[in-house]
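Chain residues, written in single-letter form:
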Amino acid sequence: PRAGDAGARLGLAATQMYLGHFAVTDTETGRFLAFARSSRGALGLAGAEGEPFRVWLDDWIAESENPSGLPMRLSAAQDGTAIDLVLSSAKPVVLQGERGLSRKGPEPGNASYYYSFTRMPARGTVRLAGQTLGVEGLAWMDREWSTSALGKDLVGWDWFALQLDDGRDLMFFQLRRRDGGIDRHSQGALVDPEGAVRPLGPDDLRIETLATWQSPRSGVSYPARWRLTDPSGGLVLELTPRIADQELIVGPRYWEGAVLVRGREGGRAIAGHGYVELVGYGER
């Protein structure tokens with residue numbers, strides 16, 4: 001899972017309201033469990049601190065005693081579902097966009113500050129249906145903040161975060177325009193096994209939708225399978241959701257979930273796993 005989803009996603013305004021989303025995809029049973037919380041920052045119920053690093057919303061917590069913020073502990077529990085994980089980082093931080101400034105449109109305010117830890121060894125426990133499981137694997141953490149990001153002609157985005165079995169990681173988001181086109185500020189990065197970054201512009205990755213899925217709850221249709229092609233490098237990847245229904249209706253409504261990755265580069269087979277976020281579908 002994306003580490004940023006397990007921790008609290010913060011919306012800090014003058015009223016100091018905090019919002020958190022917590023989701024688990026259980027691929028063995030085909031269940032998708034999603035929860036949301038919100039709270040004011042009064043009386044220590046929610047908040048954020050830089051030194052030592054700690055972000056919390058009731059007992060949903062991301063924290064570290066190390067000044068660098070790593071290793072980081074994530075813990076959250078609700079309605080019998082829980083995680084307790086410790087994350088480190090196998091690669092240096094990636095500054096997305098222009099040294100960390102990720103532009104989302106032509107105006108100066110259409111941007112966010114954005115960095116990623118794309119490959120984070122994780123170890124701990126997950127509790128599902130009364131059973132506590134020891135787990136280990138790889139996480140991905142995004143940290144992005146802004147006052148106003150999208151330009152007025154944009155309706156949403158498709159965001160991809162992929163960890164390939166050959167040690168490379170790929171992030172790319174495409175911004176969708178109201179006229180149905182893809183905005184020129186779509187961008188991403190390909191990170192090699194040692195952490196070197198190749199920036200990706202809108203012409204460096206072609207995204208094709210191969211199937212759709214309609215939510216039985218909201219009635220909204222989302223893309224449900226994709227082909228990603230790097231025309232210059234010969235990399236072709238096909239992404240398939242681990243389960244179809246990973247739609248979150250937790251105040252905001254969007255689809256965000258785990259995907260399997262299969263593909264090729266030249267004559268070599270490529271595999272991996274990742275996460276996809278789809279925002280703005282079905283909005284008027």
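Residues numbered from 1 in each chain as written. Predicted model: local features only at pLDDT ≥ 70, side-chain atom pairs only at ≥ 80, totals over all residues. Heavy atoms only, no water.

1. Quick look at the overall build of the chain
- Along the backbone of the chain there are one helix and 21 strands.
- Relative to its length of 284 residues, the chain is compact, with a C-alpha radius of gyration of 18 Å against a globular reference of 19 Å.
- Out of the 284 residues in the chain, the part that is buried amounts to 47%.
- In the chain, once contacts between residues fewer than 6 apart in sequence are set aside, the share between residues at least 24 apart is 48%.
- Of the roughly 14000 Å² that the chain leaves accessible, carbon and sulfur atoms contribute 52%.
- Here the chain carries 32 positive and 36 negative side-chain charges, and the mean point of each set is 3 Å from the other. (Helix = DSSP H or I, 4+ residues; strand = E, 2+ residues; numbered from the N terminus. Rg over C-alpha atoms; globule rule 2.2 N^0.38 Å. Buried < 20%, exposed > 50% of the residue type's maximum accessible area, 1.4 Å probe, protein only. Contact = heavy atoms within 4.5 Å. Areas by Shrake-Rupley, 256 points an atom, 1.4 Å probe, with all protein chains shown as cover. Lys, Arg positive; Asp, Glu negative; His and termini not counted. Charge placed at Lys NZ, Arg CZ, Asp CG, Glu CD.)

2. Topic: unusual backbone geometry
- With omega at -5 degrees, the peptide bond leading from E51 into P52 counts as cis.
- For R99, which is not glycine, the phi dihedral falls at a positive 55 degrees.
- Mapped onto the secondary structure, R99 falls in the loop between β8 (94-95) and β9 (101-103).
- Among the residues examined, R99 registers a relative accessible area of 81% and is labelled exposed.

3. Overview of the confidence of the model for the chain
- Per-residue confidence for the chain gives a mean pLDDT of 92; residues scoring 70 or more make up 94%.
- Across residues 1-14, confidence stays below pLDDT 50; counting only partners more than four residues off in sequence or on other chains, it has 45 contacts. (pLDDT = per-residue confidence, 0-100.)

4. Focus: the environment of Y275
- Its location among the elements puts Y275 in strand β21 (residues 268-279).
- When the C-alpha atoms of Y275 and M171 are compared, they prove to be 9.7 Å apart, with 104 residues separating the residues in sequence.

5. Things to note about the packing of aromatic side chains
- Summed over the entire model, instances satisfying the criterion amount to ten aromatic pairs.
- With centroids separated by 5.8 Å and ring planes inclined at 85 degrees, the aromatic side chains of F160 and W226 adopt a geometry described as edge-to-face. A residue pair is termed long-range when its members are at least 10 positions apart, and F160 in strand β12 (residues 154-164) and W226 in strand β17 (residues 221-230) qualify at 66 residues.
- For F160, a relative accessible area of 0% gives the class buried.
- Each member of the aromatic cluster is reached from another via a ring pair, and the members are Y113, Y115, F117 and W145.
- The ring centre of Y281 lies 3.7 Å from the NZ or CZ of R176, which sits over that ring. (Phe/Tyr/Trp six-rings, centres within 6.5 Å; stacked < 30°, edge-to-face > 60°. Lys NZ or Arg CZ within 6 Å of the ring centre and 35° of its normal.)

6. Overview of the pattern of salt bridges
- Enumeration according to the criterion identifies 26 salt bridges in this entry.
- For E63, the salt bridge identified is with R54, shortest N-O distance 3.5 Å.
- Salt-bridge contacts for R268 lead to D166; the nearest nitrogen and oxygen are separated by 3.6 Å. Of this pair, R268 sits in strand β21 while D166 is found in the loop between β12 and β13 (169-177), placing the two residues 102 residues apart along the sequence.
- Its relative accessible area of 27% is what places D166 among the partly exposed residues.
- Bridged by salt links that share partners, the residues K152, D153, R177, D179 and D183 form one connected network. (Salt bridge = Lys/Arg side-chain N within 4 Å of Asp/Glu carboxyl O.)

7. Some words on the nonpolar core
- Of all hydrophobic cores here, the largest spans 25 residues; its most connected members are L162, L170, W226, L228, L237, L239 and V276.
- At the level of elements, β12, β13, β16 (206-214), β17, β18 (235-241), β20 (253-265) and β21 are the ones that each hand at least two residues to this core.
- Among the elements that line this core, the one with the most residues is β17, at four residues.
- Apart from the residues within four sequence positions on either side, L162 is in contact with W140, R168, D169, L170, L228, L237, L239, V259, V261, H273 and G274.
- Residues M72, L87, L128 and A139 belong to the second largest nonpolar core, which totals 20 residues. (Core = buried A, V, L, I, M, F, W, Y, C linked by side-chain atoms within 4.5 Å.)

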